[in-house]
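Examination of the molecular architecture
So the chains spell out like this:
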Amino acid sequence: MKTSKAIGAIAGAISAFAAFAGEEWSGSNWMLRGEDGVVYRHGLSSGQTIEAKNIYISTNDCGAALAANEATITASGTAYLGYQYKTNLSSNVSLALTNTTMTVTGALSVNGVGSGSATLTLGPGSLLSASYFQSYAAISPKIYFNGGRLKVTGSSQVFNPSGYCWKKNADGSWTSNWPNPYVYVYANEGPIDITVDKDVQMARGNAGRALDLSGSKGFVKRGKGVLDWVWYPSGNNGSVLGNVTYTGDTVVKEGGIRVGDTWTYKSGADTRPLRNPMPAQSPLILEANTFLDVSSNASTWCSISGAGIVTNRSTQMRGKVILGGTVEDCELSPASVGGMVDVYKIGNGTLTVNTSRIDGETVVSNGMLKIASGSVLSAKKIVLLPETKLDTSGATLASSVVKVGSGTSTFVGTTAIDGTFTVAEGSVRCVPRGFSGKFFRLTISKNRDNTKTTQFAEFYLYDESGQIIDDGRPYARAAEGCDPSTLAEKQVSELKHHTDYPWEKVEKAFDGKIFSGSECSKFHDAYAPTADDPIVICFRMPANTPRVFGYNFVEANDDLGKRNPVTWKFEGSYDGVTWYTLDEKVNATTPSENSTTSKTVFFNDGVPYDIPGAGDPSSDEFYPFGEGAAIAVATGATLDFDSAKMKVAALALDASLGYGGKITRFTPSEQGVLSVTTDGNIESLIDTTVVLADEVAQSRNLRNWKVRVNGVFRDALILKLIGNAVKLEWRPGLILVVR
């Protein structure tokens, strides 16, 4: 029989605990048990150990509490934190570890006594190892991660909230049919930190059992095994439901995780739902040599980054990664997204992609997809749904792009795409990045706390290099509510004004000063704007202002950001009459720190809000596509280049799409290629008239283009200019007309 070394003086953080009454050995089993309604508390201090077969921190008597600091606890069998078995008693049980290693060969059962609860706290420096963690509790047990770690040595699951509690019947008999409630796991003062060296599931259990992961410190996965993030029912009577609401980073340091949303398990006659709730508010960070497996499922995150990979280890069904639903802007920047994995962009913000490869399709259903400047992305296909944007400025994209659905989408790019750009339905408007107009309008419809005051210290515009456009401020105030088209250069007007603050008028946001002496120089309108009654500011830049690529606010000096704008629309105009939407934000995250005389606090962590492009390009020639790009427009669809300054070096015609599309306002480059794809022979194209474009500048350049059919150049086919039309001739007939 092992001897406990716990007897002795209590020191440090456990000095408040009482004497060691209640400690008891039964053979090789160690028990800490209360009696007569007394909760016994036991402390282990530096160097002390417990070595036993089974450890019972309370049995079916009264509650008990064990706190260990710099101690060692070993159970070669099972450890019980409370033991719920045919008892009317109700008492709480707790175990708190700090700088302590506790190793349990079997399971750790977190139960409580009777209708009492159990609490497990993993403090700094602690490591608790067990085969798995189960619960037979009547009241929700709680596990707090306060800087400690949990290691699972078994090969089945991490948590098994599956046991039934005993319930006393009216005749005095007992039945085991009292379903236990949620097991609550908190990222309290540290992340939920779990190590698995084998492939295990997050949870298994029968109907009525549930696992809840919450807190604000995130999640850390360690160990070479795969953590299968599935709530898996072990019987045929339902699913293990649960919630995942924790915030903070989810970090995979070793091995991988497998995730997905609701799906169905089916094996023979056994069919049941499996629920895979994900922390959609958590960024996922994949460290080197780790992976996210989305086998046959959908995985929802606010962003994914790191040196690891996203993959699909299933060979039967496609997986899906969903990004952008709960955050304004997000990123996808792992090393690669391989296998049968598709990426779905949702939400109104911007998804910035900075990865080398996406093997599946990328579907943009809302907002904007931006390929990071300077990056090189090889992708299977990018699908644009209506009213979405694609920005490839400064990047290289080897991919086909397809616009589907009615409505208009926007493409912003420069020498970027090497692949086919197809407008299958609706229209695509092609614009350069940035804006060259001089009139701007800011409409604020909400501040952060709906307080009766809206303010900011300064409003800046940025050039292509990310530098603030100074333009020799300050600006002069024009008449309130004036016609924006009447603004002179370097004039600003609060078009829709509310409460007057003579010393904090709108021009203070355009004077280039954060402070004047000890006083903050800021714009301040004592009003809580709404969508129906917003604050509207209009200003005009000087004629020599460079093209604008971004904008930002500077935080004022008081109220910790409660008065900050959070919902706004920023627009630009060439004449003060026709306006283009440059950017919109809804419930944007803004600083909670005041600017001071020694520190300037910008919105968006100092990164300018991007202007993806609108309106006519600058006077310079603009190539929206790379030399390897081909443009195809289906019957009834339109590709609008927005200006004749757009230059095009390649066009493609696919017979399966029809030839009724339109390309407006572009200039053919001096040398180019027209590619025709057809399932039939060349004769099938003869006598077909096709309208490709109107408003074509320098159409005579098309005479120098080469013609390629099904990948083979055909010298016998020529583009011939006849009056203001160009036709493709191949003796003996007419195939194509370009107007």
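The rules behind the values
Numbers given to residues run from 1 along each chain, matching the order in which its sequence is written. Local features are withheld for residues below a pLDDT of 70 in this predicted model, meaning they are given only at 70 or higher, and side-chain atom pairs are given and counted only at 80 or more; totals for whole chains, interfaces and linings count all residues. Note: side-chain values were computed over all heavy atoms of the structure, leaving out hydrogens and water. Helix and strand definitions follow DSSP, with helices as H or I runs of at least four residues and strands as E runs of at least two, each counted in order from the N terminus. Whether a residue is buried, partly exposed or exposed follows from its accessible area with a 1.4 Å probe, protein chains only, as a fraction of its type maximum: under 20%, in between, or over 50%, in that order. By definition in these notes, contact holds between two residues if any of their heavy atoms fall within 4.5 Å. Each accessible area is a Shrake-Rupley result for a 1.4 Å probe, and residues are judged covered by the shown protein chains and nothing else. Note: two strands are recorded as paired if DSSP finds a minimum of 2 bridges between them. Classification of ring pairs uses Phe, Tyr and Trp, with its six-membered ring standing for Trp, and accepts pairs whose centres are within 6.5 Å; under 30 degrees between planes counts as stacked, over 60 as edge-to-face, and the remaining range as tilted. Only when the NZ of Lys or the CZ of Arg is both within 6 Å of the ring centre and within 35 degrees of the ring normal is a charge said to sit over the ring. Here, the term nonpolar core denotes a set of buried Ala, Val, Leu, Ile, Met, Phe, Trp, Tyr and Cys residues that are joined through side-chain atoms within 4.5 Å. Known as pLDDT, the predictor's confidence for each residue is given on a scale from 0 to 100. Salt bridges are defined by distance alone: a side-chain nitrogen of Lys or Arg within 4 Å of a carboxyl oxygen of Asp or Glu. The disulfide criterion is simple: two cysteine sulfur atoms within 2.5 Å.

**Brief notes about the overall build of the protein chain**
Per the secondary structure count, the protein chain includes zero helices and 73 strands. Scored against the burial criterion, the 739 residues of the protein chain give a buried share of 55%. Of all intrachain contacts in the protein chain linking residues separated by at least 6 positions in sequence, the fraction that spans at least 24 positions is 63%. As displayed, the protein chain offers around 29,100 Å² of accessible surface, 47% of which is attributable to carbon and sulfur atoms.

**Let's talk about the environment of Thr 74**
For Thr 74, the position within the fold is in strand S7 (residues 72-75). The spatial distance from the C-alpha of Thr 74 to the C-alpha of Thr 105 is 8.3 Å, given a sequence separation of 31 residues.

**Topic: the sheet that holds strand S53 (residues 458-462)**
Strand order in the open sheet formed by three strands is S53-S60-S63, with antiparallel pairing between adjacent strands. Sheet topology places S53 and strand S63 (609-610) at the edges, where each strand pairs with a single neighbour. Pairing between strand S60 (residues 550-554) and S63: two bridges, direction antiparallel. Residue pairing for S63: Tyr 551 is matched across the bridge by Tyr 609.

**A few points about the packing of aromatic side chains**
Applying the stated criterion across every chain yields a total of 28 aromatic pairs. Both rings, one in Phe 133 and one in Phe 159, keep their centres 6.3 Å apart while their planes meet at 45 degrees; by these two values the pair is tilted. Within this pair, whereas Phe 133 is found in strand S16 (residues 133-134), its partner Phe 159 is found in strand S19 (residues 157-160), the two being separated by 26 residues in sequence. Like Phe 133, the residue Phe 159 is buried in the burial classification. Between Phe 456 and Phe 553, the ring centres sit 5.0 Å apart and the planes meet at 85 degrees, which makes this aromatic pair edge-to-face. Placement of the pair is Phe 456 in strand S52 (residues 454-456) and Phe 553 in strand S60, with a sequence separation of 97 residues. The same class applies to Phe 456 as to Phe 553, namely buried. The side chain of Lys 706 reaches across the aromatic face of Phe 713, ending 5.9 Å from its centre.

**Thoughts on the nonpolar core**
In terms of nonpolar packing, the biggest core is built from 107 residues, with Leu 292, Ile 304 and Phe 641 touching the most fellow members. The residues contacting Phe 641, other than those within four sequence positions of it, are Cys 430, Pro 624, Phe 625, Ile 631, Met 646, Val 648, Ile 663, Thr 664, Arg 665 and Phe 666. Phe 440, Ala 509, Val 548 and Leu 582 belong to the second largest nonpolar core, which has 28 residues in total.

**Observations regarding the environment of Ala 488**
Along the polypeptide, Ala 488 turns up in the loop between strand S54 (476-477) and strand S55 (491-496). Taking the C-alpha atoms as reference points, Ala 488 and Pro 542, separated by 54 residues in sequence, lie 8.7 Å from one another.

**A look at the sheet that holds strand S62 (residues 579-585)**
Ordered in space as S54-S55-S59-S51-S61-S62, the six strands form an open sheet in which the pairing is mixed. Taken across any chain shown, the strands that pair with only one partner, and hence form the sheet edges, are S54 and S62. The sheet contact formed by S55 and strand S59 (residues 535-540) spans five bridges and is antiparallel. Residue Lys 496 lies in a different strand from S59, and its bridge partner there is Val 536.

**Some remarks on the confidence of the model for the protein chain**
Residues of the protein chain with pLDDT of at least 70 account for 76%, and the chain-wide mean is 80. A low-confidence stretch, residues 1-20 stays under pLDDT 50, and its non-local contacts, those more than four residues away or across chains, total 43 contacts. Below pLDDT 50 for its whole length, residues 261-276 participates in 47 contacts with residues either more than four positions away or in separate chains.

**A word on unusual backbone geometry**
One non-glycine residue with positive phi stands out, namely Asp 559, at about 70 degrees. Structurally, Asp 559 can be placed in the loop between S60 and strand S61 (565-573). Overall, the relative accessible area of 27% leaves Asp 559 in the partly exposed class.

**Quick look at the side chain of Ser 135**
Looking at where Ser 135 falls in the secondary structure, it is placed in the loop between S16 and strand S17 (142-145). Take Ser 135: its relative accessible area is 2%, and that puts it in the buried class.

**Let's talk about the pairing of strand S47 (residues 396-403)**
As judged from the seven bridges shared by strand S45 (residues 376-384) and S47, these two strands associate in the parallel manner. Bridging from a neighbouring strand, Val 383 pairs with Val 402 of S47. Summarising the sheet, S47 and strand S49 (residues 420-423) pair through three bridges and their orientation is parallel. Directly across from Val 401, in S49, lies its bridge partner Phe 421.

**A short note on the pattern of salt bridges**
Close approach of charged atoms allows side chains with opposite charge to pair. Applying the stated criterion across every chain yields a total of 19 salt bridges. Connected through salt bridges with shared partners, the residues Lys 522, Asp 558, Asp 559 and Arg 563 form a single ionic network.

**Quick notes on the side chain of Ser 336**
Residue placement: Ser 336 occurs in strand S40 (residues 336-337). With near-sequence residues (within four places) excluded, Ser 336 lies in contact with Gly 308, Ile 309, Val 310, Thr 355, Ser 356 and Arg 357.

**Here we look at the state of the cysteines**
Inspection of every chain in the model, using the stated rule, returns zero disulfides. Left unpaired, Cys 302 is separated from the closest cysteine sulfur, that of Cys 330, by 7.4 Å. Take Cys 302: its relative accessible area is 5%, and that puts it in the buried class. Residue classification places Cys 330 among the buried residues on the basis of a relative accessible area of 8%.

**Overview of the environment of Arg 313**
Within the element layout of this structure, Arg 313 appears in the loop between strand S37 (309-311) and strand S38 (319-323). It is 9.7 Å that separates the C-alpha atoms of Arg 313 and Val 341, two residues lying 28 residues apart in sequence.

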